[in-house]
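# Coordinate inspection notes
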Amino acid sequence: MDILLIAGLWLDGSAWDDVVPELTSLGHRPVPLTLPGQGDGTASATLEDQLATVLAAVDATSGKPLVVGHSAASSLAWLAADARPEKVAKAVLIGGFPAADGQAYADHFAIEGGVMPFPGWGPFEGADSADLDQETRDRIASGAVPVPEGVARGVVRLINERRFDVPVVVVCPEFTPTQAKEWIAAGESPDLARATHLEYVDLDSGHWPMATRPCELARVLAEAANS
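Residues numbered from 1 in each chain as written. Predicted model: local features only at pLDDT ≥ 70, side-chain atom pairs only at ≥ 80, totals over all residues. Heavy atoms only, no water.

## Concerning the overall build of the protein
- What the protein contains, in helices and strands, is nine helices and eight strands.
- What you see for the protein is a C-alpha radius of gyration of 16 Å, in line with the 17 Å of a compact globule of 227 residues.
- Taking the principal axes of the C-alpha coordinates as reference, the protein spans close to 40 × 35 × 35 Å.
- Counting the 227 residues in the protein, one finds 53% classified as buried.
- Within the protein, counting contacts between residues at least 6 apart in sequence, those at least 24 apart form 78% of the total.
- As displayed, the protein offers around 9,400 Å² of accessible surface, 48% of which is attributable to carbon and sulfur atoms. (Helix = DSSP H or I, 4+ residues; strand = E, 2+ residues; numbered from the N terminus. Rg over C-alpha atoms; globule rule 2.2 N^0.38 Å. Buried < 20%, exposed > 50% of the residue type's maximum accessible area, 1.4 Å probe, protein only. Contact = heavy atoms within 4.5 Å. Areas by Shrake-Rupley, 256 points an atom, 1.4 Å probe, with all protein chains shown as cover.)

## So, the nonpolar core
- Of all hydrophobic cores here, the largest spans 76 residues; its most connected members are Trp16, Val68, Leu76, Val92, Tyr105 and Leu221.
- Ranked by residues supplied to this core, first place goes to helix H9 (residues 214-226) with seven residues.
- If near-sequence neighbours (up to four positions away) are discounted, Tyr105 is found in contact with Leu9, Leu47, Gln50, Ala72, Ala73, Ser75, Leu76, Val151, Ala152, Gly154 and Val156. (Core = buried A, V, L, I, M, F, W, Y, C linked by side-chain atoms within 4.5 Å.)

## Re helix H2 (residues 47-60)
- The terminal C-alpha atoms of H2, which comprises 14 residues, lie 20 Å apart, in line with the 20 Å expected from a rise of 1.5 Å per residue.
- All of the buried residues in H2 are Leu47, Gln50, Leu51, Val54, Leu55, Ala57 and Val58. Mapping the buried residues of H2 onto a view down its axis gives an arc of 155°, with all of them on the same face. Of the exposed residues in H2, those oriented more than 90 degrees away from the buried face are Glu48 and Ala60.
- Considering only its buried residues, H2 is in contact with strand E1 (2-6), strand E2 (29-33), strand E3 (66-70), helix H3 (74-83) and helix H5 (149-152). (Expected span 1.5 Å × (residues − 1). Arc of directions from axis to C-beta.)

## Some thoughts on the pairing of E3
- Burial analysis of E3 places five of its five residues in the buried class, which makes it a mostly covered element.
- Burial of E3 is two-sided: the residues Leu66, Val68 and His70 facing one way and the residues Val67 and Gly69 facing the other way are all buried.
- Pairing geometry for E1 and E3, over four bridges, is parallel. The residue of E3 that forms the bridge with Ile6 is Gly69.
- Here E3 runs beside strand E4 (residues 90-94); their pairing, made up of five bridges, is parallel. Note that in E4 the partner of Val68 across the bridge is Val92.
- Tracing the backbone out of E3, into H3 and back to the parallel element E4 gives a crossover that is right-handed. (Pairing = 2+ DSSP bridges. Right-handed = clockwise from strand over helix to strand, strands pointing away.)

## A few points about the sheet that holds E3
- One open sheet accounts for six strands, arranged E2-E1-E3-E4-E7-E8; its pairing is parallel. Of all the strands in the sheet, the pair left with one neighbour each is E2 and strand E8 (198-202). Strand-to-strand twist in this sheet, taken as the mean axis angle between neighbours without regard to direction, amounts to 20°.
- Sheet topology note: the E1/E2 ladder contains five bridges and is parallel. Residue pairing in the sheet places Leu5 in a bridge with Pro32 of E2.
- Packing of helix H6 (residues 177-185) onto the sheet brings it into contact with strand E7 (168-172) and E8, and relative to E8 it is tilted by some 145°. (Axes fitted to C-alpha atoms, helices over the stretch in contact; angles between N-to-C directions.)

Next comes the structure, spelled out in structure tokens:
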């Protein structure tokens, strides 16, 4: 199966470098995406530009792909399900919930000069980054791409009720499935609360399992594709 891999804020397609060979060995075709504004040198990119890249990748597959969104890019995976409910086999959300209709995509940190730079590790201390050694922290931080303001503050628009019938897998790295269920029940993600087919997978890692648990993450994704 084609597995489209969408990394979260500040990351480009190389974030999946350690996951790709594992998925290939498990019989799948991984397609890591480099989004406009996050690795292609375009600081003026918008959320619509990033979604267009994801949808082009969905449309380019011969079958129904697994669409994987990490962190904030969970919203992009869900937007793909909204735009192509008949084409997306499953949406896999790693360490994140999709933003609701009308919300900003990822307006979480300060905008400086038209971009949202990586804020350093301070905001991610604790469970998010507990499994990152200093070398990995330095590598992620040095490669972090400032996210264009037009992406971070782009407004999520969801219009197709058929998205709720697309199966969803919530991969729980720095939190547990029990916590995820409680947050959704409390209103943290109105869309996931309405998903018809929703499952949870526990993954013992921090917020960046593609860097710290690539083999385990690949197996989780392969199982999602196979089921």
